[in-house]
Amino acid sequence: MASAKAYKDAALSKRLADRSYRPALDSDPTFVGDVERISGTTAHLCYQCGTCTGSCPSAPRSSYRIRNFMRRTNLGLKEVSLNDPDLWLCTTCYTCSDRCPRDLIPTDVIMAMRNMAAAQGVLPKNMLGTVNFIYQTGHGVPNSDGNRAARVKLGLEPEPETTSKYPEYLPAIRKILEAYGTKQLADKVLAEGQ
Ligand code: SF4
Ligand code: SF4
């Protein structure tokens, strides 16, 4: 039997342990519309076939279930969705989107929810560490000496055609991260040690 997940927020943890669904209490009827507007996919057409979860590389390795997030969208379970750590376990491989028989894009549903969560300041610390890497180098995973050596061995230039090779484009990337408040959020949360 799967063990219960621990959430930092005790009230949320208690609430999630209770599997009862109370529409009047839990449901935000604006949620599905907001998700559809941000994601550009008609999430309400999901008929819960499970093809997405069956195709998902994260599912066998974690408690993350994309079908569950699709269902929550249609039930209006906004707070539960945005506060669930599993929201951040999608690799954005788009396999589910390739295979959905309803031609939905579940990946973009997840991306929409991540944007909504980030707007509320709900964001995993490691993601914010990645923001700082992007701010400093233009990459979530910066180039390294080992990677440069491997590229040369393959007959490639040591630096790819990105900010690794053209650091003059870094100020524009920094401007975007600052304009959306992403850099400031990363600095604030990392400084607080959350
Ligand atoms: S594959 Fe598409 S229709 Fe099936 S559960 Fe996933 S999102 Fe819904
Ligand atoms: S895009 Fe995300 S949810 Fe879809 S299959 Fe890949 S990891 Fe799973």
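Here the structure is shown first, and the text comes after it.
Parameters and conventions
Residues numbered from 1 in each chain as written. Chains lettered and ligands numbered in written order. Predicted model: local features only at pLDDT ≥ 70, side-chain atom pairs only at ≥ 80, totals over all residues. Heavy atoms only, no water. Helix = DSSP H or I, 4+ residues; strand = E, 2+ residues; numbered from the N terminus. Buried < 20%, exposed > 50% of the residue type's maximum accessible area, 1.4 Å probe, protein only. Near = heavy atom within 4 Å. Nonpolar A, V, L, I, M, F, W, Y, C, P; charged D, E, K, R; others polar. Contact = heavy atoms within 4.5 Å.

**Notes on the overall build of the protein chain**
Here comes step 1: Looking only at helices and strands, one finds twelve helices and zero strands in the protein chain.
Here comes step 2: In sequence order, the secondary structure elements of the protein chain are arranged as α-α-α-α-α-α-α-α-α-α-α-α.
Here comes step 3: On the principal axes, the C-alpha backbone points of the protein chain span a range of 55 × 40 × 35 Å.
Here comes step 4: Counting all 194 residues of the protein chain, 33% fall into the buried class.

**What to know about the site of ligand 1**
Here comes step 1: The local shell around ligand 1 holds 13 residues, among which Cys46, Cys49, Gly50, Cys52 and Cys100 are the closest.
Here comes step 2: Only α4 (51-55) and α5 (66-75) provide two or more residues apiece to the shell around ligand 1.
Here comes step 3: Partitioned by chemical class, the residues of the shell around ligand 1 number eight nonpolar, three polar and two charged.

**Some details on the environment of Thr163**
Here comes step 1: Tracing the backbone through its elements, the reader meets Thr163 in the loop between α10 (145-153) and α11 (170-179).
Here comes step 2: Under the relative-accessibility criterion, Thr163 is labelled buried at 10%.
Here comes step 3: For the pair Thr163 and Asp98, spaced 65 residues apart in sequence, the C-alpha separation works out to 30 Å.
Here comes step 4: Sequence-distant contacts of Thr163, that is, excluding residues within four places in its chain, are made with Thr137, Gly138, His139, Tyr169, Leu170 and Ile173.

**Overview of unusual backbone geometry**
Outside of glycine, negative phi angles account for most residues, and trans bonds account for most peptide bonds.
Here comes step 1: At Thr92, a position not held by glycine, the phi torsion is positive, near 55 degrees.
Here comes step 2: The exposure class assigned to Thr92 is partly exposed, which follows from its relative accessible area of 30%.
Here comes step 3: Of note in this structure, Tyr94 is not a glycine but carries a positive phi near 70 degrees.
Here comes step 4: Using a relative accessible area of 32% as the deciding quantity, one classes Tyr94 as partly exposed.

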